[in-house]
Each structure stands twice: as C-alpha cells, then as structure tokens.
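A structural walkthrough
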Amino acid sequence: MSAVSPTVARSIGAACAVAGALVDQCVDHAVAELQAAEARAMSPQRQQLSDAWRELLARRKGWKEQFPRLLASACERDARDDGSGAHAGFTSSFADLSLVDDNVIASKIESSRLAQQLTSALERPLSELDALMSSALGLEVIHPERNPLRPAVYARVLRRMMGEGVTDTAWTGLWLRSMAKPLAEQLDLLYVDQVKMLSQAQVHAAHYRLVTTASPSAPSRTAGMPSVDDTGHAGATGEAPSAPQALASSSGFADLAPQQAIDGARLQRFLLRGETQTHRPLAPSFHAQARAELLELESDRGEQQAYDAGAARQHMHLPAVDRPPRRVATDSPLPQDVWGGMAAPRERALVRGRLKTEAREAGQVFGLEVVRRLVDRVAEDPRLLAPVREAIVGLEPSLARLAMVAPRFFSDEAHPGRLLVEKVAERSFKFNDEFSVEFQGFFNAVAQSFSRLNQVDPVESPEPFRLALDTLQAGWSAQDAMDDEAQHKVLEAVQLVEKRQHEAERIASELWQRADLADAPQPVQEFLLGPWALVVAHARLAQPQGGIDPGGHLGVVTELLWSVNSELILREPARAFEVIPRVLQKVRAGLESLGQRPGEANSFFQHLEQLHRPVMKLRARHRHRDVAPVEPVRLPGDASDIVEQGDQLWMAPSELRAAGFEDTVPSEVAQLRPARALHAPLPVLDQGEADHVVAALALGAWVDLFSRQQWRRAKLVWASAKGSLFMFVSHGGQPHSMTRRSLQRLVKKRLLRPVERDGVVPRALEKLGEPSAPMPLAA
C-alpha cells in the first residue's frame, strides 16, 4: 500500500464533498420514477413499488450523511492500492462469481450492472479522467482500474450501503435501476470538474504506450511484478506474466492469433470497459495466419448443406405452442429465396474471414468475435420464432462490418446496430406462429431490410442501421395505429364499466345509510345496493350535466321501500294502487337503460310480487296466483360486498361481447391436442402456482392464449384497479377480457401461458461467456 499524493487526496475530497447532494438528487429522481411505475402497475407489484419508494424516503437522510464517509474510505483505499489485489471486492464479469452467499452474489451482480451502465454512458469524460488520474497516481501509462473515482467504486459503495438492514431484497435492484440515469448525469458533471482541477494542478495525462523490444541483457520490467489480466487488473497470485503476454508487451503487438478462441469472459470485459490491448496493432504473423485461413476457406468448394424446407414444415400440423424449436446457428444454412448469396454458411464465413484480414487493431478482432458469438446466442433463444433467429444470422455480415468501425457497439443500448436487433426481436413477440399470414407480413419486411443492409460494403457509420430501423418502425406504427383505434374504443368501454362500478359502490354505501332500508326485506336491499345502484351510476355517467339524479332513479327508492312495507301500504291501499304500478314501470325502464337482459331480474320481481300481494288482493283478487318462494341470499354486512363480490363486475351483454369476454371461455385441454402430439400434455398447475403466475403478470406482458380453438399471442393492455378484471389484445386489436377467476382457471389448465419477454440482446450478452447450448432438433 502506498501513500496518497496531495493532488489525488484533493480530488477525492472534492468528490466526497458533493457526494451527499449527489445521493439526494438520485433519491429524488428514483422516488418520482417509482411513483410513476406504481401508478402503472397492478397489484401486488403496485404494493412492492409503493413500499420501495416509501422506504427510500425513510433512508434518505441517513444515506446523505453516510455515503460521503463510505465513499471517502473506498476511494482512499483504492488510491493507496499499489496493484496487489485491491479490486477483489468487485468483479466486472458475471462469469467470475464464485459459489458464495446468495446475497453477496446479488450485490455483486447489481453493482456490476450499474457500473457497466455508468461506464458506457460516461465513456468520454471518464477516459480523460483516467488518463489524468493515472498520472496523478504516479503511473506512466493509463490504468483505468486504478482510478479511485471510477463508476465501479460508486456502484459498489452505493449497493453496499443500500443493502444494510434492507427487509426486501428486491428493493435494492429497484433503487439502483431508478438511480442509474441521475447518477450518470451527476458523475458526468463531477468528472468534467475533476479534469479541470487536475489540469490546473499541472497534471499531464498518461497514455497507452507501446514498449520497444528490450535488450536481451536488460532485466524485464515485469519480472517479479504481479500478473495483469485483460482489463489491466492486477492478479492476486503475484506471478510474472506468461511468455505470450510478456512477448506481446515487449513487441507492442496484441497477443492474438486468428485461430485462438477468445475467452467469453474476456469478451464481456471488452464490452464492459474496453481492453488494454484494444488499440494495439496486430502482429504480422496474425495477418499471415488470417490470410492463410481465408485462402483455405476460399479453396474449399466441397458440397454445402442446403436449407431443408421440409424439415422446417414437418411440425406445421401441431399447435403453435407445441412445436419444438428448430436449431439455428451461425453455421446453419438459410433459405436461398430469402437470403440469396448469404444463405450458405460458407459465404457468411468468407465475409468474416475477409474482415479479419482487414483488421488493424485488436479491438476489431474482439468486435468480430462478439458479433459472431452474440448472433449465436440470439439464434439459440427459443422464445424467438425460427425465421426471426435465421434473420439475425442472415444479418451477421452487416453486423460484422459495423464492428470494424464500432467494435463495442453492442455495449451501447442506444446504438442503431444493437437497437435494430433488439427491436426486431421485441416486435416478433407479437407472433407465435411462423406460418401465419400476419407473421409473414412482418418477416418479409424484416428480411428485405436486412438483405439491403448486407449489400452495404463497407459500412462506414451506423446510419444504414438507423435508416433501416426507422423504416421498419414506421411500418409497424402504421399497423399499430389501425389496431390501436379498435383497441382504444374497447378500452374506453371497459374503463367506463369500471368507473360505473366504482360509482355504484359509492352510491350503495350512501343508500346503506338510509333508515328506511334497514327494515326492508333482504331481496329488496340486495336489489337496491346492487343492480339499482348500477342504474343510478350509469345514468350519472351517461348524463354528466343531469345533476345528482338524472332520470329520477334515486327518487323512486323511497316509493319502492314504502311499497314493500306491508303495514304502511295496508293503511293506505289507494296510494299503494297508484304507487306500485309507477314503481314497477320505473324499475323496468331503469334496468332496460342499463342493458340488462330481459328476465335477468325475474327473481326480484317475483319477490316484489309476493310483497305487494296482500294489498293487491284488496283490488284485484283475480290476479292472485301462487309463486314459488325463492330462498333469500345472505346479506353481507358491508354494502360494497353486495355491489362487487370477489371479481364479479357486472356488464351488459353488448359490453361483454365488445370486450371479448365470450372469446375466453375455457376449453378442455384434450380438445387442444392432436391424436399424435409430439410432447406429453403439460401438467395442470395447482392453485398456488396459478396465483403466482397471475401475480407476476404486468401491463405489456405477452401470453399465449387459447381462444376460439386457436392459440393466439396476446398482450395484457389493461387491468382494473382492484386487479379483478383483465384485458388482453391479440392481432388486429381483438380483445380478450376476463375476470381474475377466469384468468386463474385458464392459467391452471395451461390455456394461458406467459411468454418471457426480457431483452433478447441483454440476455445474449449475459450468456456471452457460456458455451453454446445445443437446441433440441425438430426431428
């Protein structure tokens, strides 16, 4: 450990002086973002988000005081480190995590993700600060990992502070994600100020320097020094570098060979922060070997495997959700009629090989390998339909050319090259059947766009990819506009129903306070607190300018309650003969305005006739007839229980049809499967499993839904505030609505299956260091 120079100490002090304000602003932004997410979310996600931002506010004052102290300690410790292992507390690659406590792993993963996001956003100001800070630390060349103010230190300290005493481990992830943007903005300002401060202190920037070949008699500069890995991190063993590393260091050339398999963790580090060898030139031996390999590939005219269209269609007869995924990889042949010259894997390999011979820096070779491996990872993602995975494989030549001018473009979430892959994959989640007319329309546009990109050679900028994405998205937006129009009308209708239900509950609560309701027969109470409250609510919403009782529906309540009090009406039969017909006419008209089916209230009218019978006998005995008694229903103590019990949301027949309720009537599983199904039927879920699936559904989630004897890909677009009613929309804006009980039943029978929809590219990047997983062959 070495002492901290006054210049570095001043830099750390200046950074810690504003650390409290930095945390304060990050908390402000995170609370606002979590509150906005809470407003959009459904239960129980809404409760978790609410708890998260409330806890964030509660910890704010303590963090504001604590963070500067923790940051100062971490920065000073890093600044004193002489390269002998100070960074053991932080790992930049998920592949490096050992089997330790789950909380420790979660902490490292979350801080690593935040560090990666910050580093990518702050690349320019951070590179300037790295150069100056390395010099201030007394280093002759740039060592980014020695910068005590680097994003990784902030991420590590912030995550460690957040994890202390937390009761819900999910909160830390929510907090960090919500703070990433404001933290990047504050660090950007800090790094600019730090660069000015160090420059004014006459600190001269260090640089990446190639070392000339050492004299045979001269001692090696690295002898006895700790080993250095690909990111410039000092190794913990204290061993001297290997011979290839020492040779590369002494010659100034990158230690790469064309046939060398680059470690996946090394590629992840390259994307995370860049490589110490990124800008090193490639050795002449590299180019000689690359040209030899290319020559061998060009001379190989052996028989090439052709695309098997029959194999692609052999499971077409199965339901879309039961078809096994076909294997697709960078070495797979593609349909000739779609991909032309790039259909054969040999042609794509030739592009890769030629680009390798043109590479001048190690970073370009890393970029080419990232593209190849990432395309392979996307191609083996079973969530994507096979033609979409084939399209990503078909685009590899163009992505590889882009990597020659922007080797790390896949680390930039906003780069047009990465966005094109991500958005096409994301859009494809709308479809679950590669043979459907709707999917073919989507895929044809994608294939044409990708084929045009493959014709751009060389690629000199990301503009062709930006133009391709803009063109595709314009077409998608036009299609969505047509679907959204129908969807908007349905959503308005369903939201009106929900609003009517809330208003009816409020009206029922007011009616429950009436003294004359307490002595009314139970069927009458249930009618007034249920259907009649809906009638009043419907009238208010339909005629907002009509006052508190448009249509006079509340006014009839008093007469109805009087007419079912046998003692009162027998004292005034003349009045009863006048009131009862008027009440009956008004009640029937009100129910008709609500859209209730004829006969739906027969039970109530039968009870009413029984209650009116004594007084009516006095005037028209010939109307007397026996009516079978109807067993009354238990009266709940809470009026709102009568209006909405469980997930019972009343809708008129026309409203049910418009909202798509009739499309979601469950069918038996046996009806869904052909006699010769490829797989055994999926087991039915138990209630707990079904509840977990339903609770995890969030707005925007995709599902496979069996409706009208067909599996459809549908999106959750709306849920009621109480989580009692859900609406999904499939292709063409077709609505599929259901109560929570119906949703649970569909999930239990596996007639509604959620589709994982986390980002395709982020998932592929996470798996970059893993060996390729063979996909089950569709045979």
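Residues numbered from 1 in each chain as written. Predicted model: local features only at pLDDT ≥ 70, side-chain atom pairs only at ≥ 80, totals over all residues. Heavy atoms only, no water.

Observations regarding the environment of Arg348
Looking at the element boundaries, Arg348 is found in helix α13 (residues 345–358). Put simply, Arg348 and Glu396 are 48 residues apart on the chain and 7.5 Å apart in space, counted from C-alpha to C-alpha. Dropping the residues within four chain positions of it, Arg348 is found in contact with Ala329, Thr330, Asp331, Ser332, Leu334, Met342, Ala343, Val393, Glu396 and Pro397. A polar side-chain atom of Arg348 sits 3.1 Å from the main-chain carbonyl oxygen of Thr330. (Helix = DSSP H or I, 4+ residues; strand = E, 2+ residues; numbered from the N terminus. Contact = heavy atoms within 4.5 Å. Polar contact = N/O pair within 3.5 Å; in protein donor to acceptor, adjacent residues only side chain to side chain.)

Here we look at the confidence of the model for the chain
For the chain, per-residue confidence averages 80 on the pLDDT scale, and residues scoring 70 or more make up 81% of the total. Confidence, read as mean pLDDT per element, is least for helix α26 (residues 639–643) in the chain (34) and greatest for helix α15 (residues 386–394) (97). Low pLDDT (under 50) marks residues 85–100, which in the prediction has 37 contacts with non-local residues, meaning those over four places away or in another chain. Note that residues 665–679 has pLDDT below 50 and, in this model, 27 contacts with residues that lie over four places away or in other chains. (pLDDT = per-residue confidence, 0-100.)

Some details on helix α1 (residues 6–17)
Over its 12 residues, α1 extends 16 Å from the first C-alpha to the last, a length consistent with the 16 Å expected when each residue adds 1.5 Å. For α1, the full list of buried residues reads Thr7, Val8, Ser11, Ile12, Ala15 and Cys16. Buried positions along α1 lie against α2 (19–40), α3 (45–80), α5 (123–136), α6 (151–163) and α7 (169–200). (Expected span 1.5 Å × (residues − 1). Buried < 20%, exposed > 50% of the residue type's maximum accessible area, 1.4 Å probe, protein only.)

So, the pairing of strand β4 (residues 734–739)
Within a regular beta strand, the side chains point alternately toward one face of the sheet and then the other, so they alternate between its two faces. A large share of β4 lies buried, amounting to five of its six residues. Where strand β3 (residues 725–730) meets β4, six bridges bridge the pair, whose relative direction is antiparallel. The residue of β4 that forms the bridge with Phe728 is His736. In this structure, the hairpin formed by β3 and β4 is closed by a connection of three residues, where Gly732 is found at a positive phi of approximately 80°. (Pairing = 2+ DSSP bridges.)

Observations regarding the pattern of salt bridges
Taken as a whole and assessed by the stated rule, the structure comprises 36 salt bridges. Arg352 is the salt-bridge partner of Glu396, the closest N and O atoms lying 2.9 Å from each other. Pair noted here: Glu396 is in helix α16 (residues 396–405) and Arg352 is in helix α13, with a separation of 44 residues, a long-range link. Arg352 shares its class with Glu396; the two are buried. The partner of Asp457 in a salt bridge is Arg401, with the nearest N and O atoms 3.5 Å apart. On the criterion of sequence distance, the pair formed by Asp457 in the loop between α18 (437–454) and α19 (463–512) and Arg401 in helix α16 is long-range, its members being 56 residues apart. Here Asp457 falls in the exposed class, since its relative accessible area comes to 54%. Classification of Arg401 as buried rests on a relative accessible area of 8%. Through salt bridges that share partners, Asp381, Arg383, Glu756, Asp758 and Arg763 make up one connected network. (Salt bridge = Lys/Arg side-chain N within 4 Å of Asp/Glu carboxyl O.)

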